[in-house]
Every structure is written in C-alpha cells, then in structure tokens.
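Notes for the structure review
Here's the letter readout for the chains.
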2 protein chains.
Amino acid sequence: MGKQIITISRTYGSGGREIGRLVAQKLQVDFYDKNILSLLVEKTGISEEGLKNADERLIKRSPSPYGFTEETDYGTNHYLYEAQVRLIGELAQKGPCVIVGRLADWILRNREDVLNVFITAPGEARIQRIMGYEDVDEETARELMIQVDRRRKSYYDYFTHQQWERMENRDLVINSSLLGIEETVGMISEIAKRA
Amino acid sequence: MGKQIITISRTYGSGGREIGRLVAQKLQVDFYDKNILSLLVEKTGISEEGLKNADERLIKRSPSPYGFTEETDYGTNHYLYEAQVRLIGELAQKGPCVIVGRLADWILRNREDVLNVFITAPGEARIQRIMGYEDVDEETARELMIQVDRRRKSYYDYFTHQQWERMENRDLVINSSLLGIEETVGMISEIAKRA
C-alpha cells in the first residue's frame, strides 16, 4: 500500500464514516472512529460520558434546571486534545489504518504516508441520510446538519488554526453522491494503494 | 460516458490545465481553455488584446506613464460575462467536452451531466511548476501564484456569489501531487465514465 494511513474528514450526513469503515474493511486495516473514545477512557481516566461531551466539539453541554446549557471547558478540552494527539500518533505507529475525524489529518501532518480525504455531498442528499440515521423529520435533519458541521468546524479550527471546510490540506475531496458509497470506497482504496 | 461535460477549475501552478487537456485527449472529446477567447472575438467583435485583459479577471490593466495602473471596467466585464455564458452553454450543447476555468462549473450548474473537478497542489510543488512555465525565480513564482489565484478568486466570486476556494460546489477536488499528472488524468477519466 502506498499510503499506510487514511484520514477521513466528513460533513455530517455525507456517509463519510461508513465509507471509512468500508475502506478499512476492503484494505484489511484497522479502523478508528468513535472507538478512539474507549481507548481514551483507558488513558485519561475521564468517564466515557465526560468524553462524549467533549468529542469533536469545543462546547460541553451540561444539564441545568432550564434544559441544556452550553459552556466551554477549555481545561478539559486541551487535556483531551493532548491525550488524543498522543493516542493517534501511537495508533498510526502501530500499523496501517483508517481514522475518521478527531483531527487525525492535522495530528499526523508530519508523516509522509498519510492520505487525507474529505467526504461531502449536496445538502439534500445529506438531509435524506440524516433523516434515516436519526429518524427525524426533514426540518430537524437540516438543523442537525448545520449544527453538527458548525461544531466540527469550530473544534477543528480552534485546535489546528486551519479552516475545516477549505481544501488546501486535503489530498482528495469527494462528493459521495457522485459515484455512491460503494464505488467511492473502491476509488479511495485504489488511490491509497497507488499514491 | 456518464458525465458528458467535465469542468476543471484549478489553482495556478497545479497542472490543472494540462490535466484537462490530457483528459480531453484520453476521452477523445473537445477541449476548451484559452481558445474560448478566439471564439469570443468572433462573437463580440472585441479585439483579442482587449479580451486577454479581461480573461478570468475583473481588473483591466492599462498602461500609464507610471507603468501599469489597474482600473475596473464593469461594463466590459459584464458584457463579456454574458457573451461567455451564451458561448459556454452552446459549447456544452454541441457535445462532450472538457472546459478549463471561465466559470464553466457555474455557468453549466443546471445541467445534470457535468462533473466539476478542482485541481490544486501544495504551494511548493506549484511554485516549482510556475518557475518552469514562466522561467522566473522562486520568489517571483511565489508572488505570481498568489496574484493569479487572487485574481481568479475575485473574478469567480464576483460573478457567481460563491467562494472559488471552497469545495461545496465541486464533485471532486484533487491534489495533483498525490498521483502525479498521468494517473490523475486516468482517475478523472475513469470517474467521468462511471459517474
């Protein structure tokens, strides 16, 4: 394989996580996405619930008598970020893998064997997919799409000082609606081998 | 062929024009880039020199006793833009083709058979290529890269009300350094057939 590590960034509802999982399956390499959280639980001792609140977001949601309020918790954020940097560095060192999200493209920027892919799709296709994931109506799906992307962007931009939605640091940006999930998986796998 | 029309947008020095030319050759379809200017000369009666000054830029450069000054000429710009919209619509109607730049992705946005590709590459690779094109030193190449991209962006953003460097309206964004020119050409041709 030409590129040992594939990082997948993705807009919400684009199918990027699924594509990453299938690429790992096809290339028979390790796959990391939310399971990075369990690994961080072991490393940091922070509860899984606490980690979920800080996963790919800057803002921690806390219950209050008035529903949920959002408050920033920079200390925890930075502590987790540092733990994640070490962990992702170790995972990449362990062997070929696919990593979805978690700033992996940025964390591994000094390695030569990394293919950075960004998956997106037109808004309408993403809304349809979110309606399926979350069993919500169209309006809610649209709102979720906007909010999740905004959260991912602010998390990414904060730690990387780059802009999440810009293409400069990506090797490949693909609209998953173009070829569909299966052929997109084939294409990424092929490129990773040849690059 | 799945997609009949391929539009190529590109950062300066990315090899995008060359890639477009080779894709057209490989797929045996028409190729349009600067030759659109000669076609516009026939249509508009504006001199080729006048068109060159307005090609993919908003600002027209005029000689002055103090060297070159830059002045906007909105009338000519809009007149040319309208002529270009008609011309590119007609070219797309004529048959399968590859069109480099000239807002073709935007102009043809309502067609279903268009593949919108954006080619870029890391700054260092682009500077090396520009030094070759223009026979200039590294510093000049870097300055040219910044200026040409800025000019393309302001032209694109002005007429499309979109942002040239963002990936939302592209189907595929490729770093040409990843696979090199030849394999990138193969990949785009393959995707156009399958999509």
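This one's a predicted model, so the numbers in the text were calculated from it and none came from an experiment.

1. Focus on the sheet that holds strand 6 (residues 114–120) of chain A
With mixed pairing, 10 strands are arranged side by side in an open sheet as 2(A)-5(A)-1(A)-6(A)-7(A)-7(B)-6(B)-1(B)-5(B)-2(B). Pairing within the sheet leaves two strands with one partner each, and these edge strands are strand 2 (30–32) of chain A together with strand 2 (30–32) of chain B. Averaged over all pairs of adjacent strands, the angle between strand axes in this sheet comes to 20 degrees, irrespective of strand direction. Strands in contact with helix 8 (residues 176–194) of chain A are strand 1 (5–10), strand 6 and strand 7 (172–175) of chain A together with strand 7 (172–175) of chain B; relative to strand 7 of chain A, the strand with the most contacts, it is inclined by about 155 degrees.

2. Some words on the packing of helix 1 (residues 16–27) of chain B against helix 8 (residues 176–194) of chain B
Residue and element names in this part refer to chain B. The N-to-C vectors of helix 1 and helix 8 enclose an angle of 40 degrees; their axes lie 9 Å apart at closest approach. Between helix 1 and helix 8, the angle is such that the two are oblique. Handedness of the crossing formed by helix 1 with helix 8: right-handed. Here Glu-18, Ile-19, Leu-22, Val-23, Lys-26 and Leu-27 of helix 1 come into contact with helix 8, specifically with Ser-176, Ile-181, Thr-184, Val-185, Ile-188, Ser-189 and Ala-192. Among the residues forming the contact of helix 1 with helix 8, the class breakdown is 8 nonpolar, 3 polar and 2 charged.

3. A look at unusual backbone geometry
Backbone geometry places Arg-102 of chain A, a non-glycine residue, at a positive phi of 55 degrees. Of note, Arg-102 of chain A is situated in the loop between strand 5 (97–100) and helix 5 (104–107). Residue Gln-28 of chain B is not a glycine yet carries a positive backbone phi of 55 degrees. Inspection of the secondary structure assignment puts Gln-28 of chain B in the loop between helix 1 and strand 2.

4. Considering helix 7 (residues 138–160) of chain B
Residues and elements named next belong to chain B. Its 23 residues place the ends of helix 7 33 Å apart at the C-alpha level, agreeing with the 33 Å of an ideal helix rising 1.5 Å per residue. When we look at burial in helix 7, the residues that qualify are Ala-141, Arg-152, Tyr-155 and Tyr-156. Tucked into the core, helix 7 has its buried residues touching helix 6 (123–134). Downstream of helix 7 by a residue or two, His-161 has a phi angle that is positive, lying close to 55 degrees.

5. Some thoughts on the relation of the copies chain B and chain A
With an axial shift of 0.0 Å and an RMSD of 0.0 Å, the rotation relating chain B to chain A amounts to 180 degrees. The relationship between the two copies is best expressed as a two-fold rotation axis. Taking the C-alpha atom as reference, chain B places Val-173 of chain B closest to the rotation axis, 2.4 Å from it. Most of the interface of chain B is mirrored in chain A, where 100% of its interface residues again form contacts.

6. Some words on the pairing of strand 5 of chain A
Residue and element names in this part refer to chain A. Bridge analysis of strand 1 against strand 5 gives 4 bridges, and the strand direction is parallel. Bridge pairing in strand 5 places Ile-6 opposite Val-98. With 3 bridges connecting them, strand 2 and strand 5 associate as parallel partners. Of the residues in strand 5, the one forming a bridge with Phe-31 is Val-98.

7. Some details on the interface of chain B and chain A
Taken together, the contacts link 16 residues of chain B with 16 residues of chain A. In terms of residues, the side of chain B that touches chain A owes the most to one element, helix 8 of chain B, which gives 5 residues. Residue composition of the side of chain B that touches chain A, grouped by class: 8 nonpolar, 2 polar and 6 charged. Where strand 7 of chain A lies against strand 7 of chain B, 3 bridges are found, and the strand directions are antiparallel.

8. Thoughts on the pairing of strand 6 of chain A
Residue and element names in this part refer to chain A. In terms of residue burial, strand 6 counts as a mostly covered element, since 7 of its 7 residues are buried. Along strand 6, one buried face is formed by Val-114, Asn-116, Phe-118 and Thr-120 and the opposite face, lined by Leu-115, Val-117 and Ile-119, is buried too. Where strand 1 and strand 6 come together, 6 bridges link them in parallel fashion. By the bridge assignment for strand 6, Thr-7 is matched with Asn-116. Sheet topology places strand 6 next to strand 7; 4 bridges connect them, and they run parallel. Note that in strand 7 the partner of Ile-119 across the bridge is Ile-174.

9. Observations regarding the nonpolar core
The biggest cluster of nonpolar side chains holds 82 residues, and the ones touching the most others in it are Ile-6, Val-23 and Val-117 of chain A together with Ile-6, Val-23, Val-117 and Ile-188 of chain B. What Val-117 of chain B contacts, discounting residues up to four positions off in sequence, is Ile-6, Thr-7, Ile-8, Arg-170, Asp-171, Leu-172, Ile-174 and Ile-188 of chain B.

10. Thoughts on the environment of Arg-17 of chain A
Residues and elements named next belong to chain A. One can find Arg-17 in helix 1 (residues 16–27). The exposure class of Arg-17 is partly exposed, given the 17 C-beta atoms found within 10 Å. It is 17 Å that separates the C-alpha atoms of Arg-17 and Arg-151, two residues lying 134 residues apart in sequence.

Scoring rules and cut-offs
Residues numbered from 1 in each chain as written. Chains lettered and ligands numbered in written order. Predicted model: local features only at pLDDT ≥ 70, side-chain atom pairs only at ≥ 80, totals over all residues. Pairing = 2+ DSSP bridges. Helix = DSSP H or I, 4+ residues; strand = E, 2+ residues; numbered from the N terminus. Axes fitted to C-alpha atoms, helices over the stretch in contact; angles between N-to-C directions. Contact = placed C-beta atoms within 7 Å. Parallel < 35°, antiparallel > 145°, perpendicular 65-115°, else oblique. Left-handed = near helix turned anticlockwise from the far one by under 90°. Nonpolar A, V, L, I, M, F, W, Y, C, P; charged D, E, K, R; others polar. Expected span 1.5 Å × (residues − 1). Buried ≥ 20, exposed ≤ 12 C-beta atoms within 10 Å, placed from the backbone. Least-squares fit on C-alpha atoms with pLDDT ≥ 70 in both. Core = buried A, V, L, I, M, F, W, Y, C linked by C-beta atoms within 7 Å.

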